[in-house]
Every structure is written in structure tokens, then in C-alpha cells.
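# Structure at a glance
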Amino acid sequence: MRAPGLLLALVAPVAAWAIQPDEVMSDPAQEARARAITAELRCVVCQSESIDESNADIARDLRMLVRERIAAGDSDEETLAYVVDRYGEFVLFRPPMTAANAPLWLAGPVILIFGSALVAAILRRRAREARIPRAGLTREEQARLDALMKD
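Since the structure is predicted, the reported quantities are computational estimates derived from the model, not experimental observations.

This part takes up the overall build of the chain. Looking only at helices and strands, one finds 6 helices and 0 strands in the chain. Mapped from its N terminus to its C terminus, the chain presents α and β elements in the order α-α-α-α-α-α. For the chain, buried positions account for 21% of its 151 residues. Restricting the contact set of the chain to residue pairs at least 6 apart, pairs at least 24 apart contribute 52%. Per element, the accessible surface of the chain, about 11300 Å² overall, is 62% carbon and sulfur.

Below, the structure written as C-alpha cells:
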């Protein structure tokens, strides 16, 4: 029971190591907004981490940029729009559906539907084939097979 607790205690603070003390804003409300925004932005180097969790230099620069925009009085939407204008929609973990990326949004459901229909057709065909009686060997064929097996 102690081992999982110890492991959790050691691993939990790892994400907090990315944020440096000099990055933290003096206003707790603004810092909370900055953390919420940086959690929504993908690190362009790590790609699987948010800039809030990443230790990459570009992630630090982006965290500072977000904090600068918030300190300048930008809203959350304006701050996100500013970052997206500079780096593209790739930095968003949840990009909005647009005409440009609609195929990406729709590809998953279309593949799922197509795959499900294919599996259903294969299962139906197998069930139909199982109902068709198979013709066995005639007596002559069985005798010839037995003779071949003895040799």
C-alpha cells in the first residue's frame, strides 16, 4: 500500500517542474487563466505535451508569450487567437472544425462505419456459408483417399 503512494508522490510533481518560478504571475487570477490557456496549447517540439507540461525552450517562450498577452489585458480568446495566428491551428489540442480540417474530423467516424459494415458483411457471409450443407466424399473417393493414405 505504501509503494503506490510513494510512487504517486514522486511522479505527481513532474508536470509542475516545467513552470519556472520566474514565469508565475503575481496575480493568482491571471496565473490561473494563463495555466488554463497553456494547458490547451500543444508544444510544437514535444507534440504530445501541452506547453504547460513541456520543458522545451519553445514551450517556455510560448508560456511567457501567453502571460505577456494576459498582462497586456487580452481576453482568453484573444490570447489563443494571437498564438494561433503566429503558429497555426497545430498548437491547439482541440482545434475547431473548419472546412480545411473537416476531412480529419470526419475520417475517424467514416472509417469506423466502413469497418463495422465490412465486419458485419463478413460475419453474415460466414453464417450463410455455415447453413449450406457441405457435400461429403463419395464412397469411391473415400476408398481412393484411404488407399492413398496407406501408401
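On we go.
What follows concerns the packing of aromatic side chains. Enumeration according to the criterion identifies 0 aromatic pairs in this entry. Sitting over the ring of Tyr82, Arg69 keeps its end group 4.1 Å from the ring centre.

As a further point, take the pattern of salt bridges. A complete count under the given rule lists 6 salt bridges for this structure. Across the pair Arg67 and Glu31 runs a salt bridge, and its minimum N-O distance is 2.8 Å. One end of the pair, Arg67, is in helix α3 (residues 57-71); the other, Glu31, is in helix α2 (residues 28-40), with 36 residues separating them in the sequence. Taking the relative accessible area as the measure of exposure, Arg67 reaches 4% and is therefore buried. A residue is classified by how much of its surface remains accessible, and Glu31, at 9% relative accessible area, is buried. The shortest N-O distance in the salt bridge between Arg35 and Asp52 comes to 2.8 Å. In this pair, Arg35 sits in helix α2 while Asp52 sits in the loop between α2 and α3, placing the two residues 17 residues apart along the sequence.

Across all of its chains, the model carries 0 disulfides by this definition. No disulfide involves Cys43; its nearest neighbouring cysteine sulfur is the one of Cys46, lying 3.5 Å away.

Relative to the assigned elements, Thr79 resides in helix α4 (residues 76-87). Classification of Thr79 by relative accessible area gives buried; the value is 0%. For Thr79 and Arg67, which are 12 residues apart along the polypeptide, the C-alpha to C-alpha distance reads 9.0 Å. Excluding residues that lie within four positions of it along the chain, Thr79 makes contacts with Ile37, Val66, Arg69, Ile70 and Asp74.

What counts as what
- Residues numbered from 1 in each chain as written.
- Predicted model: local features only at pLDDT ≥ 70, side-chain atom pairs only at ≥ 80, totals over all residues.
- Heavy atoms only, no water.
- Helix = DSSP H or I, 4+ residues; strand = E, 2+ residues; numbered from the N terminus.
- Buried < 20%, exposed > 50% of the residue type's maximum accessible area, 1.4 Å probe, protein only.
- Contact = heavy atoms within 4.5 Å.
- Areas by Shrake-Rupley, 256 points an atom, 1.4 Å probe, with all protein chains shown as cover.
- Phe/Tyr/Trp six-rings, centres within 6.5 Å; stacked < 30°, edge-to-face > 60°.
- Lys NZ or Arg CZ within 6 Å of the ring centre and 35° of its normal.
- Salt bridge = Lys/Arg side-chain N within 4 Å of Asp/Glu carboxyl O.
- Disulfide = S-S within 2.5 Å.

Shape is all these values report; function is a separate question.
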